[in-house]
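Structure at a glance
So the chains spell out like this:
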Amino acid sequence: MEMIVKATTITILLPVILCCIPCGESRSRGRSLAQRLPALGVDYGQTGDNLPPPSAVAKLVQSTSISKLRLYGADPAILQAFANTGIGLVVGIGNDQIPSLNQLAVAQNWIKNNIVPFVPATDIIGISVGNEVLFSGDGTLISQLLPALQNLHTALVEVSLDQQIKVSTPHSMAILSTSVPPSAGRFNESFDMKSLLDFLQKIGAPLMINPYPYFAYKSNPTDQTLAYALFEPNPGFYDTNSGLTYTNMFDAQLDAVYSAMKYLGYPGVDIVVAETGWPSVGDSTETGVSLQNAIAYNGNLIKHVTSMTGTPLMPNRYIQTYIFALFNEDLKPGPTSERNYGLFKADMTMAYDVGLLQSPSAAPSPPAPRTGGPVTAPPTGKVWCTAKPGADEQTLEANLNYVCGQGIDCRPIQQGGSCYSPNTVAGHAAYAMNAYYQTTGRNSWNCDFAQTGTLTSTDPSTHVKSSFLWPLILCLKTPLDFTTQSTSSMHRTLRLKKGKFLTNTRIGFN
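In this report, we go over the structure that sits alongside the text. (Residues numbered from 1 in each chain as written. Predicted model: local features only at pLDDT ≥ 70, side-chain atom pairs only at ≥ 80, totals over all residues. Heavy atoms only, no water.)

1. Description of the pairing of strand β2 (residues 37-44)
Buried residues dominate β2, accounting for 7 of its 8 residues. Bridge analysis of β2 against strand β3 (residues 66-71) gives 5 bridges, and the strand direction is parallel. Bridge assignment links D43 to a residue of β3, and that residue is R70. At this point the chain moves from β2, through helix α2 (residues 54-62), to the parallel β3, and the crossover so formed is right-handed. Bridging between β2 and strand β15 (residues 321-324) involves 4 bridges; their strand directions are parallel. For D43, the partnering residue across the bridge sits in β15 and is F324. (Buried < 20%, exposed > 50% of the residue type's maximum accessible area, 1.4 Å probe, protein only. Helix = DSSP H or I, 4+ residues; strand = E, 2+ residues; numbered from the N terminus. Pairing = 2+ DSSP bridges. Right-handed = clockwise from strand over helix to strand, strands pointing away.)

2. As for the pattern of salt bridges
Where charged atoms of side chains with opposite charge meet at close range, the side chains can pair. In total, this model carries 4 salt bridges according to the counting rule given. Its salt-bridge partner being D43, residue R70 comes within 3.3 Å of it at the nearest N-O pair. With R70 in strand β3 and D43 in strand β2, this pair connects stretches of sequence that are 27 residues apart. Residue D43 is classed as buried on the basis of its relative accessible area of 0%. Among the charged side chains, a salt-bridge network with shared partners connects D43, R70 and E275. (Salt bridge = Lys/Arg side-chain N within 4 Å of Asp/Glu carboxyl O.)

3. Concerning the packing of aromatic side chains
Applying the stated criterion across every chain, the model contains 12 aromatic pairs. Ring geometry for Y214 and F215: centres 4.9 Å apart, planes at 55°, overall tilted. Here Y214 falls in the buried class, since its relative accessible area comes to 0%. Look at F215 and you get partly exposed, because its relative accessible area is 38%. Their ring planes at 40° and their centres at 5.6 Å tell us that W278 and Y297 sit as a pair that is tilted. Of the two residues, W278 is situated in the loop between β13 (271-276) and α10 (291-306) and Y297 in helix α10; the sequence distance between them amounts to 19 residues. In this structure, W278 and Y297 share a single accessibility class: buried. Within the aromatic cluster, the residues linked to one another by ring pairs are Y212, Y214, F215, Y217, F231, F250, W278, Y297, F324 and Y341. For R186, the ring lying beneath its charged end belongs to Y263, and the centroid distance is 3.9 Å. (Phe/Tyr/Trp six-rings, centres within 6.5 Å; stacked < 30°, edge-to-face > 60°. Lys NZ or Arg CZ within 6 Å of the ring centre and 35° of its normal.)

In structure tokens:
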């Protein structure tokens, strides 16, 4: 991108380039997710003495956009409660049960008692065996994991449920010995990942991982790391091997796992995110724990995984992702944060709102700007988002990369696009910032951009005074209609350096 532009020229072009995006009426509330989202799941734990009964939980989940739940057991009351709800369930098996499942007869009985009586009324889609077993340090348990998986699959084959229900096991990110850069991701050689991946590939099951940017941030708590972890505008991370730029830690972690699988010869095995989340309450000594950060992470995560943009190495896919957790669980041991990962409280009220309720009145709670500035009331009538005067070029480029990495259609500002000219960081960032504002709810916080964005009710087209700007005037004649396209139906594209746009594909449990 050419950068030789006089400052005075940038000042003129910033408001005008916005005309490539239609304005919208200001709204006081964000958009509620209107339907269940196939990529969106939540972990349903029960480590609490005040949690609602399964029948009430089933009704709650049906009122949301959540399409799948991952359980940590096979409670028959839960399996029965979710019958005929259309909610997909991944049933759990604890680490303590793995040794006995090395006997085929035990696995057969487990399937007979815990799966067969509930299907097809209950939509059981997977069995999650153990949790982070390879990181347990228990050599005997580790050696028993794959035989348990194989026996459970064999038992499913015998009752003709192997195509509907897949077996797998979740891993922590510690299975990687190298994760930076993402293209150089490698598995720890002390783990026999090749045998596990070979099994998963043969039965068509996914590799399950538990990526937590929250813990990565805790180990390196800087403002830049926090923005990278929360999907907020940041300079990004450039992978010199692949030539790809990462604007969030979640994608980088997933692509490191993908690279490790590819290195062993298994790039076709799907990835399912079994757990990820951010605590909303913690002890005063717990870095990064806050309601604001929980809203930012989970809210941006939901938008990201449901936009079908995928990751830089796995573009235009949706990756099934389970957010931890459905409820705050008051009996979980450890620091206060461990008991406050829930999207809902035990009384079934929202711990905070990230737009999951299907009721028209439900809307995301506005996250306060992380830098401490006020959330101002937007202008009324038709409104545009633009960069504040004096915003530096590096920040504008970070805004640009962030927006295009969130699934916003940035094709018009790619070379050959209708809004490519003027080819400046300021012009392209202005387009992107306004596009993001217009498509994510038109709330004041959608134009915050770490306090580098501002709302205006002045029609940018009124600034067109010169024939020098004629290409931008033409851009006005073919605006993108963001008002009629939903997040789930829009064909999203990424602003990639190589300019490759692939079709959307699906990965995960069926």
